[in-house]
Amino acid sequence: MNEKIHQGRNVKRFREMLGIKQEALAIELGDDWNQKKISLLEQKESIDKDLLQQLAAVLKIPAEAIENFDEEQAINIISNTFHDTKGLINYNPTFNENPIDKLIQLHEEKIALYERMLKEKDEMMARLERLIEKK
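The following refers to the structure shown. (Residues numbered from 1 in each chain as written. Predicted model: local features only at pLDDT ≥ 70, side-chain atom pairs only at ≥ 80, totals over all residues. Heavy atoms only, no water.)

Observations concerning the environment of Leu18
Positionally, Leu18 belongs in the loop between helix H1 (7-17) and helix H2 (22-29). Given the relative accessible area of 6%, Leu18 is considered buried. Setting aside residues up to four positions removed in sequence, Leu18 forms contacts with Leu59, Ile61, Lys110, Leu113 and Tyr114. (Helix = DSSP H or I, 4+ residues; strand = E, 2+ residues; numbered from the N terminus. Buried < 20%, exposed > 50% of the residue type's maximum accessible area, 1.4 Å probe, protein only. Contact = heavy atoms within 4.5 Å.)

Next up, the structure:
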């Protein structure tokens, strides 16, 4: 594992990008979890493989995203990809892996999550409306 990669911080980044609070993540992980335990987890540089898989499943992202996302490397890739020459930007991608495809996949998964959440909200509103009508 690359020593620069801080898996706990990555969990926090993805959780925040998905708009999930620590308390909600704790509930999804089960009875042994609470907000404080999530906070401590997000401070850990390395996370046990089984827990990493469980976190990835709850966040609906690939475990590799948590394991391998390196913000410094992403910034370097972006800064080395775009060159400003006389006010023009030249796009010269030089990726070994394709992080843009991974980011697009994560974005699509985030959209799917939002769509599921909206659908669940609509279903809950419909149930509440039916309950109100019965009274």
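There is more to say after this.
Points about the packing of aromatic side chains
Scanning the model with the defined rule gives 0 aromatic pairs in all. One residue, Lys37, lies across the ring of Trp33, its end atom 4.5 Å from the ring centre. (Phe/Tyr/Trp six-rings, centres within 6.5 Å; stacked < 30°, edge-to-face > 60°. Lys NZ or Arg CZ within 6 Å of the ring centre and 35° of its normal.)

Let's talk about the environment of Lys37
Considering the arrangement of structural elements, one finds Lys37 in helix H3 (residues 35-41). Separated by 11 residues in sequence, Lys37 and Ala26 have C-alpha atoms that sit 7.9 Å apart.

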